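# Working through the structure, step by step
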Amino acid sequence: MKSSILGVKIDQVTMEEAVAKIAAMIAEPKPHLVITANSEMVMAAKRDPLLYEIIERADLVVPDGIGLIWAGRILNQPLPERVPGVELMEALLAEGVRRQWRVFLLGAEPAVVEQAAKRIAVQYNGINIVGTHHGFFKREEQQQVLDKIKGSHPDILFVALGVPKQEKFAAAHLASLGVPVAMGVGGSFDIFAGTARRAPYWMRRIGLEWLYRILKQPTRIRRAAALPQFAFWVFMEKLFLGGKAADG
Ligand code: UDP
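What comes next is a walk through the structure. Given the structure is predicted, the values throughout are model-derived calculations rather than measurements. (Residues numbered from 1 in each chain as written. Predicted model: local features only at pLDDT ≥ 70, side-chain atom pairs only at ≥ 80, totals over all residues. Heavy atoms only, no water.)

## Some points on the site of the ligand
Quick note on the threshold: The near set for a molecule or strand comprises every residue that places at least one heavy atom within 4 Å of it. Nitrogen and oxygen atoms within 3.5 Å of one another constitute a polar contact, given that in protein one can donate a hydrogen and the other can accept it, and given that sequence-neighbouring residues count only through two side-chain atoms. For the accessible areas, the method is Shrake-Rupley and the probe is 1.4 Å, while residue cover comes only from the protein chains on display. Any residue outside Ala, Val, Leu, Ile, Met, Phe, Trp, Tyr, Cys, Pro, Asp, Glu, Lys and Arg is labelled polar, Gly included; the first ten of those are nonpolar and the last four are charged.
By nearness alone, 16 residues border the ligand, and A108, G135, K165, D190 and R223 come closest of all. A108 places a main-chain nitrogen or oxygen 2.8 Å from an oxygen atom of the ligand. G162 places a main-chain nitrogen or oxygen 3.3 Å from an oxygen atom of the ligand. The protein chains hide 79% of the 560 Å² of surface that the ligand would expose on its own. Considered class by class, the residues forming the shell around the ligand number 5 nonpolar, 5 polar and 6 charged.

This is the structure:
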């Protein structure tokens, strides 16, 4: 089942269900795209038809942000819980140790992705990281990066290039890479590397992780302008459409 939030379809999944679905995808030979969506991404998709189509075609779209949970409730299309991208990645790494998955990390600054891989290897003892590459490669280097990924045959490709670059990159190259699962994870490598921190638990619990991120990185304030716009459109949809029944 999916919730339609301002026309963007988000899967009604819990963290546990998301991990199970991704495990099932890895067992299949065809490539899959997993998207970690938040309200900023929904607003971006309203302006960007390519991003909208990529989300529409994705195999799994998890509700990463609290804004989507809130909107789902208002629009009578409830999403069961937040599935933050970084936590989903943690859960997949833990599962990856048990199931011997091959993992590739693509994105972030060179030192960050290296440090993230080192710390992941320690924290998830036995994880098979088959390759890493930073996310600041030039156009002319892209083929080399793609060859490196393809040659290392990962089961999961974590892509940390930021939204919408990571979704566009993954969607464009998914078929040729033949990777069972590609998933956009935003700033997660910075968190694994220790160069960025998540909001303290109490802030996350009361749904203020987004505020913490703005306070820590005030340059995000421009992007945060999407949040009141998102709330406005959710209220408009509620007032004029009354919140539709869940579909899909
Ligand atoms: N990044 C990258 N290549 C780029 C632009 C960004 O690898 O061309 C990385 C950046 O270093 C960071 C991540 O992408 O690690 C984006 O983090 P952000 O917190 O902005 O993610 P979002 O909020 O978009 O999920």
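There is more to say, and it comes next.
## Quick notes on the pattern of salt bridges
Formally: In the sections that follow, a salt bridge refers to a side-chain nitrogen of Lys or Arg positioned within 4 Å of a carboxyl oxygen of Asp or Glu. What counts as a helix is a DSSP run of H or I of at least four residues, what counts as a strand is a run of E of at least two, and both are numbered from the N terminus.
In total, this model carries 13 salt bridges according to the counting rule given. Between R82 and E209 there is a salt bridge, with the nearest N and O atoms lying 3.0 Å from each other. With a gap of 127 residues between them, R82 in the loop between α4 (66-74) and α5 (85-99) and E209 in helix α11 (residues 209-216) connect regions that are remote in the sequence. Beyond isolated ion pairs, a larger network of salt bridges with shared partners links D64, R82, E87, R198, R204 and E209.

## Some points on the sheet that holds strand β6 (residues 128-133)
What counts, and what does not: At least two bridges found by DSSP between two strands is the condition for calling them paired. The axes used here are C-alpha line fits, helices contributing only the stretch in contact, and every angle between their N-to-C directions lies in the interval 0 to 180 degrees. It only takes one pair of heavy atoms within 4.5 Å for two residues to be counted as in contact.
Read from one edge to the other, the open sheet built from 6 strands follows the order β4-β3-β8-β7-β5-β6, with strand pairing classed as parallel. Lying at the two open borders of the sheet, with one neighbouring strand each, are β4 (60-63) and β6. Across this sheet, the average inter-strand angle for adjacent strands is 20°, counted without regard to direction. Across 4 bridges, the pairing between strand β7 (residues 156-160) and strand β8 (residues 181-184) is parallel. Along β8, the bridge assignment pairs L157 with A182. Its contacts with the sheet put helix α1 (residues 15-27) on β3 (32-37), β4, β7 and β8, and the angle it makes with β4 is roughly 160°.

## Re the environment of E90
Relative to the elements of secondary structure, E90 occurs in helix α5. When the C-alpha positions of E90 and S188 are compared, they lie 9.7 Å apart, and in sequence the two are 98 residues distant. Setting aside anything within four residues of it in sequence, one finds E90 in contact with Y124 and F192.

## Regarding the packing of aromatic side chains
Aromatic rings considered in pairs are described by the distance between their centres and by the relative angle of their planes. This is how the line gets drawn: Any two rings among Phe, Tyr and Trp, with Trp reduced to its six-membered ring, count as a pair given centres within 6.5 Å; such a pair is stacked if its planes are under 30 degrees apart, edge-to-face if over 60, and tilted if neither. For every residue, the accessible area (1.4 Å probe, protein chains only) is compared with the maximum for its type, and the residue is labelled buried under 20%, exposed over 50%, or partly exposed between those bounds. Two conditions define a charge sitting above a ring: the NZ of Lys or the CZ of Arg must be within 6 Å of the ring centre, and it must be within 35 degrees of the ring normal.
Taken as a whole and assessed by the stated rule, the structure comprises 3 aromatic pairs. Arranged with centres 5.2 Å apart and planes meeting at 75°, the rings of F232 and W233 form a pair that is edge-to-face. The class for W233 is partly exposed, based on a relative accessible area of 37%. The positively charged end of K46 is found above the aromatic ring belonging to W233, 5.3 Å away from the centroid.

## Structural notes on the nonpolar core
Definition in use: Residues enter a nonpolar core if they are buried and are Ala, Val, Leu, Ile, Met, Phe, Trp, Tyr or Cys, with the set joined through side-chain atoms within 4.5 Å.
Among the nonpolar cores identified, the biggest contains 41 residues, and I5, I35, L106, L157 and F230 are the most heavily contacted of them. Looking at which element gives the most residues to this core, the answer is helix α2 (residues 39-47), with 5 residues. What I35 contacts, discounting residues up to four positions off in sequence, is M41, I54, I55, A58, L60, V61, V62 and E167. Ranked by size, the runner-up nonpolar core spans 37 residues in total, among them I120, V181, F189 and F192.

## Observations concerning the packing of helix α3 (residues 49-57) against helix α8 (residues 165-177)
The test is simple: By convention, the crossing between two helices is left-handed when the near helix turns anticlockwise from the far helix through less than a right angle, and right-handed when the turn is clockwise.
Viewed as axis vectors pointing N to C, α3 and α8 meet at an angle of 60°, and their least axial separation amounts to 10 Å. Our pair here, α3 against α8, has a crossing hand that is left-handed. The segment α3 lies against α8, with L50, L51 and I54 engaging E167, K168 and A171.

## What to know about the side chain of T36
Here T36 shows up in strand β3. T36 gets classed as buried once you look at its relative accessible area, which sits at 7%. There is a polar contact of 3.0 Å between the side chain of T36 and the backbone oxygen of G184. Setting aside chain neighbours within four positions, we find T36 in contact with M41, V62, D64, G85, M183 and G184.

## As for unusual backbone geometry
The general pattern is negative phi for most residues beyond glycine and trans for most peptide bonds. P164 follows V163 through a cis peptide bond whose omega is 0°. By the secondary structure assignment, P164 is in the loop between β7 and α8. Even without a glycine there, the phi angle at N76 is positive, about 55°. Residue position: N76 is located in the loop between α4 and α5. You can call N76 partly exposed: its relative accessible area is 44%. Notably, A108 is not glycine yet its phi reads approximately 70°, a positive angle. Note that A108 resides in the loop between β5 (102-107) and α6 (110-123). The class of A108 is buried, set by a relative accessible area of 8%.

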